[in-house]
Amino acid sequence: SFLSTSQLKAQINNIFLDNPDDSMLIKVMSFGFKYGSPNEADLLFDVRCLPNPFYIDELKNLTGNNKPVQDYVMSFPESEEFLTRLFDMLLFLIPNYVKEGKHQLVIGIGCTGGKHRSVTLANELFARFKENGKYGVTISHRDEKIV
């Protein structure tokens, strides 16, 4: 899908103008392992170790962009700990990538189908980077819409 000129400008402003001195753009991407790992990802993290909403009837047909799925996934202490440890590790790694001349980092977050856990954790990671404010950040959900 193509963006209009105003949408594109807004997205560019959102990414760069908030932080004009940014030297790193972070792209967070959720995906499903059953559709293959994204080739463009620099780092891949597997969240299939977290409880799966797919097996809860009222959550199965929702995604990690729906609050009930987010609440379920994030209600487990291991989900919060995973997110905290991942974010801390990334905050350590990113300046080292910048020192090596890297200006874009694609972080893949994968679960089985790419609809529930990976979307939830990718959204949470995106929110932490936005709140941190040090880097430009975008998010995409590669497999969320696959039926």
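Figured I'd write up the structure that's included with this text. (Residues numbered from 1 in each chain as written. Predicted model: local features only at pLDDT ≥ 70, side-chain atom pairs only at ≥ 80, totals over all residues. Heavy atoms only, no water.)

1. Overview of the sheet that holds strand E1 (residues 25-32)
Read across the sheet, 4 strands follow the order E2-E3-E1-E4 without closing on themselves; strand pairing throughout is parallel. Looking at the sheet topology across the chains shown, the edges are occupied by strand E2 (43-46) and strand E4 (136-141). On average, each strand axis in the sheet is tilted by 20 degrees relative to the strand beside it, whichever way the strands run. As defined by bridge partners, E1 adjoins strand E3 (residues 104-111) across 8 bridges and the pair is classed as parallel. Bridging from a neighbouring strand, Val 28 pairs with Ile 107 of E3. Contacts from helix H4 (residues 77-99) reach E1, E2 and E3, with the element oriented near 170 degrees to E2. (Pairing = 2+ DSSP bridges. Helix = DSSP H or I, 4+ residues; strand = E, 2+ residues; numbered from the N terminus. Axes fitted to C-alpha atoms, helices over the stretch in contact; angles between N-to-C directions. Contact = heavy atoms within 4.5 Å.)

2. Examining the pattern of salt bridges
For the coordinates displayed, the defined rule picks out 7 salt bridges. Linking Asp 46 and Arg 48 is a salt bridge whose minimum nitrogen-to-oxygen distance equals 2.7 Å. Here Arg 48 falls in the partly exposed class, since its relative accessible area comes to 39%. For Lys 67, the salt bridge identified is with Asp 71, shortest N-O distance 2.9 Å. Of the two residues, Lys 67 and Asp 71 are both situated in helix H3 (residues 67-74); the distance of 4 residues between them amounts to about one turn of the helix. (Salt bridge = Lys/Arg side-chain N within 4 Å of Asp/Glu carboxyl O. Buried < 20%, exposed > 50% of the residue type's maximum accessible area, 1.4 Å probe, protein only.)

3. Observations regarding the packing of H4 against helix H5 (residues 117-132)
Orientation of H4 relative to H5, taken along the N-to-C sense of each, is 50 degrees, at an axis distance of 11 Å. With respect to H5, the element H4 is oriented oblique. Read as a crossing pair, H4 and H5 show a hand that is right-handed. Along its contact with H4, which presents Ser 79, Glu 80, Phe 82, Leu 83, Thr 84, Leu 86, Phe 87, Leu 90, Leu 91 and Ile 94, the element H5 presents Leu 121, Glu 124, Leu 125, Arg 128, Phe 129 and Asn 132. When grouped by side-chain class, the residues that make up the contact of H4 with H5 number 10 nonpolar, 3 polar and 3 charged. (Parallel < 35°, antiparallel > 145°, perpendicular 65-115°, else oblique. Left-handed = near helix turned anticlockwise from the far one by under 90°. Nonpolar A, V, L, I, M, F, W, Y, C, P; charged D, E, K, R; others polar.)

4. Focus on the packing of H3 against H5
As a packed pair, H3 and H5 sit with axes 9 Å apart at the nearest point and diverge in direction by 85 degrees. What the angle tells us is that H3 and H5 run roughly perpendicular. Contacts from Val 69, Gln 70, Val 73 and Met 74 in H3 reach Arg 117, Thr 120, Leu 121, Asn 123 and Glu 124 in H5. Tallied by class, residues from the contact of H3 with H5 come to 4 nonpolar, 3 polar and 2 charged.

5. Considerations on the nonpolar core
One finds Ile 26, Leu 90, Ile 107, Ile 109, Leu 121, Leu 125 and Phe 129 to be the most contacted residues of the largest nonpolar core, which totals 28 residues. Among the elements of the structure, E1, E2, H3, H4, E3 and H5 are those that each provide at least two residues to this core. Of all the elements, H4 adds the most residues to this core, at 6 residues. The residues touching Ile 109, leaving out its near neighbours within four places in the chain, are Val 28, Met 29, Ser 30, Phe 31, Phe 45, Val 47, Leu 86, Ser 118, Leu 121, Ala 122 and Leu 125. (Core = buried A, V, L, I, M, F, W, Y, C linked by side-chain atoms within 4.5 Å.)

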